[in-house]
Amino acid sequence: MGGSGSKSKGFWPFSGSGSTDDPTKDGNEQFMAKVRSFPSVTPFVLTRKSSMCFDEDGDLAHEFYEEAIVTKNGRKKAKLKRIQKNLTPQGIIKLEIPCIHVDFPVVLCEA
């Protein structure tokens, strides 16, 4: 049940490899062994993909609208029309406060 790709076995350093046969190791020692095998991997997320875009004028926002005058039955009515063309994504942004990755396998607080 469930189709979470984060739980599949693979290269991700926080996923279980199932290859440790030593029963004397507890969970913390197993985790430290995994971290030592990938020294450049950190449990913190430092960047993320932004959901904001730049328009032609260089303005930054989640959505852009323009006012359009619609004439219906002889009446003029102003409507907002969403702009979806000529937008440039902001890209990857750096987080001010690092977050812990969702697949980090250690209990941080046990109440």
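Refer to the structure printed above.
Residues numbered from 1 in each chain as written. Predicted model: local features only at pLDDT ≥ 70, side-chain atom pairs only at ≥ 80, totals over all residues. Heavy atoms only, no water.

On the secondary structure map, Cys 53 appears in strand β2 (residues 53-54). Using a relative accessible area of 18% as the deciding quantity, one classes Cys 53 as buried. With eleven residues separating them in the primary sequence, Cys 53 and Phe 64 have C-alpha atoms 8.9 Å apart. (Helix = DSSP H or I, 4+ residues; strand = E, 2+ residues; numbered from the N terminus. Buried < 20%, exposed > 50% of the residue type's maximum accessible area, 1.4 Å probe, protein only.)

To summarise the sheet geometry, strands pair through backbone hydrogen bonds and adopt either a parallel or an antiparallel arrangement. Here three strands make up an open sheet; going across it, the order is β3-β2-β6 and the pairing antiparallel. Each of the sheet's edge strands pairs with one partner strand only, and the pair in question is β3 (60-61) and β6 (88-89). In the sheet, β2 pairs with β6 via two bridges, with the strands oriented antiparallel. The partner of Phe 54 across the bridge, within β6, is Thr 88. (Pairing = 2+ DSSP bridges.)

In this section: a nonpolar patch on the surface. A cluster of nonpolar residues, Phe 44, Leu 46, Ile 100, Val 106 and Leu 108, forms a patch on the protein surface that exposes about 460 Å² of accessible area. Topologically, Ile 100 is positioned in strand β7 (residues 92-100). By relative accessible area, which is 38% here, Ile 100 ends up partly exposed. (Patch = residues over 30% accessible without salt bridge, like charges linked within 9 Å, V, L, I, M, F, W, Y side chains within 5 Å. Areas by Shrake-Rupley, 256 points an atom, 1.4 Å probe, with all protein chains shown as cover. Salt bridge = Lys/Arg side-chain N within 4 Å of Asp/Glu carboxyl O.)

All right, on to the side chain of Asp 55 then. Its place among the elements puts Asp 55 in the loop between β2 and β3. Here Asp 55 occupies a buried position and makes no salt bridge, while the nearest side chain of opposite charge, Arg 82, is found at 12 Å. Side-chain polar atoms of Asp 55 contact the backbone nitrogen of Asp 57, separated by 3.2 Å. Polar contacts involving the side chain of Asp 55 include one to the main-chain amide nitrogen of Asp 59, which spans 2.8 Å. Excluding residues within four positions of it along the chain, Asp 55 makes contact with Phe 64, Asn 86 and Leu 87. (Lys, Arg positive; Asp, Glu negative; His and termini not counted. Polar contact = N/O pair within 3.5 Å; in protein donor to acceptor, adjacent residues only side chain to side chain. Contact = heavy atoms within 4.5 Å.)

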